[in-house]
Amino acid sequence: MNYIKFLAILLSFTFILSSCGDDTDEKKFDYHAHIHSPNMDDKHVDDDLNIIIEFESHTGEPVHHINIKIYNKADNTIVYNKPSEAHVHATDGKITFEDDFILSNENGVEEHTDWVLEAKVWGDGEGIEEEIETVTFHVHP
């Protein structure tokens, strides 16, 4: 009888240990990109596009890599791609990116076109817990 009790306890203990293993749904970094500006309102050629994006790890882990692109929705032509070095390694778990971009013909932006601003953040290796947020907008003359 003691053998059966011991076996039951051992099986229960084994079950508990196996259920407490790594949870594949749990995120170490839990990254997010908060796009504060621009918004989805229509723009005009020669407008100054103010870009403000806050990248953060909701778990307080370092923000390793960030990238911001603006591309034409119709043909994926990229007119803005920053920062020049994606590896930022913000150890406090948060970094704010700010810049201005002129929506001009000289910068490749034409009237009556649709654009996507894409903000991407990822971990210490390519694609690790990659999160992408986007804002789309139309450019008028």
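Our structure's up above, just so we're on the same page.
Given the structure is predicted, the values throughout are model-derived calculations rather than measurements.

## Notes on the packing of aromatic side chains
Within a pair of aromatic rings, the relevant descriptors are the distance that separates the centres and the angle that separates the planes. The tally for this structure, following the rule as stated, stands at two aromatic pairs. For the pair Phe-29 and Tyr-31, a centre-to-centre distance of 5.0 Å together with 5 degrees between the ring planes defines the contact as stacked. Exposure class is identical for Phe-29 and Tyr-31. Each is buried. Pairing Tyr-80 with Phe-101 gives two aromatic rings, centres 5.3 Å apart and planes at 65 degrees, and the pair type is edge-to-face. Here Tyr-80, found in strand E5 (residues 78–82), pairs with Phe-101, found in strand E7 (residues 94–102); they are 21 residues apart in sequence, far enough to count as distant.

## Notes on the pairing of strand E4 (residues 63–72)
Of all 10 residues in E4, nine are buried, a share of seventy percent or more. Judged from the two bridges that link them, E4 and strand E6 (residues 87–90) form a sheet pairing that is antiparallel. What sits directly across from His-65, in E6, is His-87. Of the pairings in the sheet, the one linking E4 to strand E8 (residues 113–122) comprises eight bridges and is antiparallel in character. The residue of E8 that forms the bridge with Ile-68 is Ala-119. By the bridge criterion, four bridges tie E4 to E5 in an arrangement that is antiparallel. In the strand pairing of E5, Ile-70 is matched with Tyr-80. Linking E4 to E5, which pair antiparallel, is a turn of five residues; within it Asn-76 sits at a positive phi near 65 degrees.

## Remarks on unusual backbone geometry
Residue Pro-38 follows Ser-37 across a cis peptide bond; omega there is 10 degrees. Among the secondary structure elements, Pro-38 is positioned in the loop between strand E1 (31–37) and strand E2 (43–44). A positive phi angle, close to 45 degrees, is found at Asp-30, a residue other than glycine. Here Asp-46, not a glycine, exhibits a phi torsion of approximately 80 degrees, which is positive.

## Re the environment of Asn-81
As for its placement among the helices and strands, Asn-81 is situated in strand E5. Distance from Asn-81 to Leu-117, taken between C-alpha atoms, is 9.8 Å for residues 36 residues apart in sequence. Among all residues touching Asn-81, those that are not within four sequence positions of it are Asn-67, Ile-68 and Lys-69. A polar side-chain atom of Asn-81 sits 2.8 Å from a polar atom in the side chain of Asn-67.

Cut-off values and rules
Residues numbered from 1 in each chain as written. Predicted model: local features only at pLDDT ≥ 70, side-chain atom pairs only at ≥ 80, totals over all residues. Heavy atoms only, no water. Phe/Tyr/Trp six-rings, centres within 6.5 Å; stacked < 30°, edge-to-face > 60°. Buried < 20%, exposed > 50% of the residue type's maximum accessible area, 1.4 Å probe, protein only. Helix = DSSP H or I, 4+ residues; strand = E, 2+ residues; numbered from the N terminus. Pairing = 2+ DSSP bridges. Contact = heavy atoms within 4.5 Å. Polar contact = N/O pair within 3.5 Å; in protein donor to acceptor, adjacent residues only side chain to side chain.

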